[in-house]
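Given next are the chains, with one letter for each unit.
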Amino acid sequence: MDADNLCMTRRLPSSRSPRAFRRPVVALIAVAFVALAATACLPPADSTTPPAAPPTGMATLGHCPVEGFTYGNGFGPLPGGGFHYGIDMGAPEGTPVYAVRNGTLWYWSTGDIGGYSLYLKADDGNTYYYTHLTAYPAFLENTQHKVSVGDVIETVNHTGNANGFDHLHFEVRVGGPNGTKVNPRPMLDAAGCK
Ligand SMILES: [Zn+2]
């Protein structure tokens, strides 16, 4: 008998006469029984079932965002103040930028501090954010396109507040474009990116 069946057969004594609960001791036993029944109805603990979104936001990258790069600022507080929510990957202007997973590419912005930016709303439910990219035509802004893992989606540049440093600023947002930003470094290391 599994836990579900147990719950189906252990009916709470709701259909009994109220007189059964007049004496405090009976009521106490009933409370104990209800507590026991409620406990029995909890799903069995299963440590092998992974949580929907791991606390670390660890995601599996099917391809590196850039290849042949040098790390710049990492995820964390910046020396001059503020917090850096992505990781900087330095590479020469024009270096290909890749889709890290299958998903929908969203040409997000041609301006703002990130300069030319893209969101990749991926098939794992996470969103990957790429900024300081090479200028793309204005008509692409706010359009969305299906891409496959490993597709070249853009090239490295220094648009926005990149201070002239050719690099990709890469973010991992757990659960979607507005999701929690987590450190991409463990994911890049796991994927063997360098
Ligand atoms: Zn950055």
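Residues numbered from 1 in each chain as written. Predicted model: local features only at pLDDT ≥ 70, side-chain atom pairs only at ≥ 80, totals over all residues. Heavy atoms only, no water.

Some words on the overall build of the protein
Broken down by element type, the protein carries 3 helices and 12 strands. Taken over 194 residues, the protein has a buried fraction of 37%. A separation threshold of at least 6 residues defines the contact pool for the protein, and within that pool the share at least 24 residues apart is 63%. (Helix = DSSP H or I, 4+ residues; strand = E, 2+ residues; numbered from the N terminus. Buried < 20%, exposed > 50% of the residue type's maximum accessible area, 1.4 Å probe, protein only. Contact = heavy atoms within 4.5 Å.)

Structural notes on the nonpolar core
Counting residues in hydrophobic clusters, the biggest one holds 33 residues, and the most contacted among them are L120, Y128, Y130 and F170. Of all the secondary structure elements, the ones that give two or more residues to this core are β4 (87-90), β6 (103-109), β7 (116-122), β8 (127-133), β11 (167-174) and α3 (185-190). Every residue in contact with F170, bar those within four places of it in the chain, is listed here: L61, P65, G86, I87, M89, V100, Y128, Y129, Y130, P184 and L188. (Core = buried A, V, L, I, M, F, W, Y, C linked by side-chain atoms within 4.5 Å.)

Section: the side chain of R101
You can see R101 is positioned in the loop between β5 (96-98) and β6. In terms of polar contacts, R101 uses its side chain to reach the backbone carbonyl oxygen of T60, at 2.6 Å. At a separation of 2.7 Å, a polar atom in the side chain of R101 contacts the side chain of D123. Those residues within four positions of R101 in sequence are excluded, and the remaining contacts are T60, G62, L120, A122, D123, D124, Y128, S148 and V149. (Polar contact = N/O pair within 3.5 Å; in protein donor to acceptor, adjacent residues only side chain to side chain.)

Taken by themselves, the reported measurements are silent on function.
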